[in-house]
Amino acid sequence: MDKHEYNVDIAWTQDRKGMMCSPELRKNDSNEKNCIEVATPPDFDKGIPNIWSPEHLFTAAVSSCLMTTFLAISEYSKFDFISFKCGSKGILEKIDGKFVMSEVLLFPEVFISDEDQKDKALRILEKSEKACLISNSITSKITMEPKITVQK
């Protein structure tokens, strides 16, 4: 696989917030840049509520990587499922005087229609967690609590 690059630009707007965009990501209907507002979380001095923070984005990167890896492995394995969802929780702690995202808890749930596919679903989830490039790129502990639900 060749080396890939992902570009992100960020610009301060006011207070403790800014606008983050990627020149590679465009809105389909207007072709304008697809941007999100980012800010210091309210847990910190002068933080702003209800805006994506670096801590949320970090946690989202791990969770979304698990999902996209699961989707790819499922496709290659010809594994049929009804749906996938994943809650996640990033843990921020002060360790040795520095703030670190020490752990990310993942709560994936795969919905299947065949009870006999439960073990396969679990194996694919576990393989996905091990193969996730974001999880493999960080030092945070990754804890996964998978759930397989059979829907008829």
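Now for a description of the structure that goes with this document. (Residues numbered from 1 in each chain as written. Predicted model: local features only at pLDDT ≥ 70, side-chain atom pairs only at ≥ 80, totals over all residues. Heavy atoms only, no water.)

Moving on, we get to the packing of aromatic side chains. Following the criterion strictly, the structure yields four aromatic pairs and no others. Ring geometry for Phe44 and Phe99: centres 5.2 Å apart, planes at 80 degrees, overall edge-to-face. Of the two residues, Phe44 is situated in the loop between β3 (33–39) and α1 (54–76) and Phe99 in strand β5 (residues 98–112); the sequence distance between them amounts to 55 residues. By relative accessible area, Phe44 is classed as partly exposed at 25%. Through a chain of ring-to-ring contacts, the aromatic side chains of Phe70, Phe79, Phe81 and Phe84 assemble into a single cluster. (Phe/Tyr/Trp six-rings, centres within 6.5 Å; stacked < 30°, edge-to-face > 60°. Helix = DSSP H or I, 4+ residues; strand = E, 2+ residues; numbered from the N terminus. Buried < 20%, exposed > 50% of the residue type's maximum accessible area, 1.4 Å probe, protein only.)

Here the focus is the pairing of strand β1 (residues 9–14). Sheet topology places β1 next to strand β2 (residues 17–26); five bridges connect them, and they run antiparallel. What sits directly across from Asp9, in β2, is Cys21. The antiparallel hairpin formed by β1 and β2 contains two residues in its connecting segment, where Asp15 sits at a positive phi of about 45 degrees. (Pairing = 2+ DSSP bridges.)

Here we take up the pattern of salt bridges. On inspection of all chains with the given rule, the structure shows four salt bridges. A salt bridge links Glu109 to Lys85, with the nearest nitrogen and oxygen atoms 4.0 Å apart. Of this pair, Glu109 sits in strand β5 while Lys85 sits in strand β4 (residues 83–95), placing them 24 residues apart in sequence. A relative accessible area of 48% places Lys85 in the partly exposed class. Put simply, Lys118 and Glu115 hold a salt bridge, and the shortest N to O gap is 3.9 Å. Residue classification places Glu115 among the partly exposed positions, given a relative accessible area of 44%. (Salt bridge = Lys/Arg side-chain N within 4 Å of Asp/Glu carboxyl O.)

Below, the discussion takes up the pairing of β4. One ladder, built from 13 bridges, connects β4 with β5; its direction is antiparallel. Within β5, the residue paired with Cys86 across the bridge is Pro108. Between the antiparallel neighbours β4 and β5 lie two residues, among them Asp96 with a positive phi of about 50 degrees.

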